[in-house]
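# Residue-level structural notes
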Amino acid sequence: MTISVKEKLDFESESANWLIVDRCPSCKSQEAINRGEVPLDFYYFSGKKIVIRAKHIAVWECKKCGLLYKNKVPSPEFISQLISSQSNRIWSYQYKYEDEIQLINDLFSDRSSYDLLDIGAANGDLLRHSAKFGGRRSALDVARYPGLEINSDGEFIKGLLDDSSLVWSQRQYDIVTLFDVLEHLYNPITAFSNLRNFVKEGGFVIVETGDSDRYWYKQSKISHWQYVRLFEHHIFWNYCSISLQAQKNGFEIVSYTNKRNKYVEKTSIQRKLKNLPMLGLYLTSRKAYNMLGKIMDKQGIQPINLFAKDHFRVILKKV
């Protein structure tokens, strides 16, 4: 259950609805453990400083399914508007998806083509680089990037994965991909129901997201994990929570692997070396790190660790 409340979030003089989450979004249990408050007074989104006046944003861990979730999240309408208005900027990066496409091709090694739906397609890099292997190429996202291309047999589905009224062709796919999407969900129950509808019998779903069991190797409270600080990230998964939701919807786990974030894996040695001083300061003197954060107009939250395997990749098969 969520309760909508009006609180101020300063973003170009606009306000946002915040949703109060009083039970686990995935299994609806109200039995949970408070894992601490997120030290979040402001946030930089696409170069703009957003002052957040919503107080006491805490991370809770469901005792039943293991999902972690925030007790207060900005409304999907506000997030959709924010992302849509900045899509040209935040989705302008280039990523070739070589490893991911090789993984997909290995799943269909006995076939010359496969139908693919990329959820959270952004600028369409995955669709573009996988197009040469044949089959339908489709996308689902809150906004259509101007440069996003789908083939003539594909479709663009506008909306959120957890929208119960998505409009689409009803032609199912051999594989559905969700790279850095599951942490944005409001309603995992509806999201996984939609996933099941999207996938053919015997088809696959590939998911990548942060692993709450390996949050930066538990150097601090999980509420201080830099992945949690992103105010568009609402829920945080692990093996237990993803396997329970998958099982409910007729999926089996083919593989589960811990890894770095896909962009971090491609980070240059030079950037990783630049990351070391901040990591070292954080590990040796938390007080000095927090003081430096205030001086630099940044909150003293856990820095990004370009070496940590704090994400997971899971392959699900519809059975």
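Not measured: the values here are computed from a predicted model. (Residues numbered from 1 in each chain as written. Predicted model: local features only at pLDDT ≥ 70, side-chain atom pairs only at ≥ 80, totals over all residues. Heavy atoms only, no water.)

The helix and strand tally for the protein stands at nine helices and 16 strands. For a compact globule of 319 residues, the expected C-alpha radius of gyration is about 20 Å, and the protein comes in at 20 Å, within 12% of that figure. Across the 319 residues that make up the protein, the buried fraction comes to 53%. Put simply, 71% of the contacts in the protein that link residues at least 6 apart link residues at least 24 apart. On the protein, roughly 14500 Å² of surface is accessible, and the fraction owed to carbon and sulfur atoms is 51%. For the protein, the distance from the average site of its 45 positive side-chain charges to the average site of its 36 negative ones is 5 Å. (Helix = DSSP H or I, 4+ residues; strand = E, 2+ residues; numbered from the N terminus. Rg over C-alpha atoms; globule rule 2.2 N^0.38 Å. Buried < 20%, exposed > 50% of the residue type's maximum accessible area, 1.4 Å probe, protein only. Contact = heavy atoms within 4.5 Å. Areas by Shrake-Rupley, 256 points an atom, 1.4 Å probe, with all protein chains shown as cover. Lys, Arg positive; Asp, Glu negative; His and termini not counted. Charge placed at Lys NZ, Arg CZ, Asp CG, Glu CD.)

This part covers the sheet that holds strand β12 (residues 173–179). Read across the open sheet, the seven strands follow the order β11-β10-β9-β12-β13-β16-β15; overall the sheet is mixed. Single-partner strands in this sheet number two, and they are β11 (156–158) and β15 (251–259). Here the strands of the sheet are splayed against their neighbours by 15° on average, with no regard to which way each runs. Across three bridges, the pairing between strand β10 (residues 137–141) and β11 is parallel. Bridge pairing in β11 links Asp141 to Lys158. Contacting β9 (116–119), β12, β13 (199–210) and β16 (311–318), helix α2 (residues 98–107) runs over the sheet at an angle of about 155° to β13. Packed on one face of the sheet, helix α6 (residues 239–248) meets β15 and β16 and runs near 160° to β15. (Pairing = 2+ DSSP bridges. Axes fitted to C-alpha atoms, helices over the stretch in contact; angles between N-to-C directions.)

On the surface, Ile269, Leu273, Leu276 and Phe307 cluster together into a nonpolar patch covering about 370 Å² of accessible area. Following the sequence through the fold, Phe307 ends up in the loop between α9 (286–295) and β16. (Patch = residues over 30% accessible without salt bridge, like charges linked within 9 Å, V, L, I, M, F, W, Y side chains within 5 Å. Salt bridge = Lys/Arg side-chain N within 4 Å of Asp/Glu carboxyl O.)

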